[in-house]
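Summary of structural features
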Amino acid sequence: MHSKQTRKYFSNILLIFFIFIFCFFLAISNTHYSHTINEALLISNKVTIPDNNSPQLIFLKKSITIVNYLQSLLLKLDFDIFRISQITLLVSSLFFFTGIYLIVLNLLKSVFSKNLRIVSFVFTVLVLIFDSHLPHTDYPNTFFSSATSGIFSIALSTLIFGLIAGGKNKSVVFFSILLIFIHPIQGLWISGILLLTYIL
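First, a word on scope: everything that follows refers to the structure included in this document.

1. Focus on unusual backbone geometry
Here asparagine 45, not a glycine, exhibits a phi torsion of approximately 60°, which is positive. Classification of asparagine 45 as exposed rests on a relative accessible area of 59%. Positive phi is not limited to glycine here, since aspartate 78 has a value of about 70°. Assignment of secondary structure puts aspartate 78 in the loop between α4 (66-76) and α5 (81-108).

Shown next as structure tokens:
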């Protein structure tokens, strides 16, 4: 019994390691400069706009999300803009990968009984490598783009649906709330759907 638990624990650690390494290489090889870096530059006081009535300043101040605050923290820690874009893309890739992996894993449970993790891992790798746009929303999207807020909203939505498929309700609530702070419209939409599903 103890050996079986140890083997399962080691298997989980190995899977997490391979997921992280794969997403790391994807983020490094597909990096775009993040569009949300301008807001982060303002928050971290690396850039100041002297005219408080500037339309650009008003626009930037009204589009600040939690991602901007995390990016500004990295700016204050003296990371350069390119590295911050890579880290941002790494996190969104991890969300995408985990969401797609959980969806595939739980869909395949009804078909296969062995090697689910290997099949789910390989399928998810292929989806991300071939950039197959699994989340499909009503506007063009990709896994790798400079549109950071859009990428994060789609990545978190994919993760939320993966967590729903896996029956992880507490995690669904947490990431739905987080989504509201990253992309308010998408977050409210997903939360509204989940609330209506719960009520009905």
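What follows continues from the structure just given.
2. Observations regarding the pattern of salt bridges
Within this structure, the stated rule accounts for one salt bridge. Note that lysine 46 and aspartate 78 form a salt bridge whose closest N and O atoms lie 3.9 Å from each other. Taken together, the residues lysine 46 in the loop between α2 (37-43) and α3 (55-62) and aspartate 78 in the loop between α4 and α5 connect sequence positions 32 residues apart. A relative accessible area of 66% places aspartate 78 in the exposed class.

3. Describing the side chain of asparagine 106
Turning to its location among the elements, asparagine 106 is positioned in helix α5. Engagement of the side chain of asparagine 106 in a polar contact is seen with the backbone oxygen of leucine 102, the distance being 2.7 Å. Among all residues touching asparagine 106, those that are not within four sequence positions of it are Gly162, Ala165 and Gly166.

4. With respect to the packing of aromatic side chains
As enumerated under the stated definition, the model contains nine aromatic pairs in all. Here the aromatic cluster, defined as three or more aromatic residues joined through ring pairs, consists of Phe95, Phe152, Phe174 and Phe175.

5. Comments concerning helix α8 (residues 169-182)
Taking 1.5 Å as the rise per residue, α8 with 14 residues should run 20 Å; its terminal C-alpha atoms sit 20 Å apart, in good agreement. Inspection of α8 places Val172, Phe175, Ser176, Leu178, Leu179 and Ile182 among the buried residues, and these make up the whole buried set. End-on view of α8: buried residues confined to an arc of 165°, all on one side of the axis. Across α8 from its buried face, at more than 90 degrees, point the exposed residues Asn169, Lys170, Phe174 and Phe181. Its buried side turned inward, α8 meets α4, α5, α7 (148-165) and α9 (184-199).

6. Some remarks on a nonpolar patch on the surface
Residues Ile66, Leu70, Val173, Ile177 and Phe181 make up a contiguous nonpolar surface patch of roughly 460 Å² in combined accessible area. When residues of the nonpolar patch are traced back to their parent elements, those giving at least two are α4 and α8. Positionally, leucine 70 belongs in helix α4. Leucine 70 sits in the exposed class, given a relative accessible area of 51%.

What counts, and at which threshold
- Residues numbered from 1 in each chain as written.
- Predicted model: local features only at pLDDT ≥ 70, side-chain atom pairs only at ≥ 80, totals over all residues.
- Heavy atoms only, no water.
- Buried < 20%, exposed > 50% of the residue type's maximum accessible area, 1.4 Å probe, protein only.
- Helix = DSSP H or I, 4+ residues; strand = E, 2+ residues; numbered from the N terminus.
- Salt bridge = Lys/Arg side-chain N within 4 Å of Asp/Glu carboxyl O.
- Polar contact = N/O pair within 3.5 Å; in protein donor to acceptor, adjacent residues only side chain to side chain.
- Contact = heavy atoms within 4.5 Å.
- Phe/Tyr/Trp six-rings, centres within 6.5 Å; stacked < 30°, edge-to-face > 60°.
- Expected span 1.5 Å × (residues − 1).
- Arc of directions from axis to C-beta.
- Patch = residues over 30% accessible without salt bridge, like charges linked within 9 Å, V, L, I, M, F, W, Y side chains within 5 Å.
- Areas by Shrake-Rupley, 256 points an atom, 1.4 Å probe, with all protein chains shown as cover.

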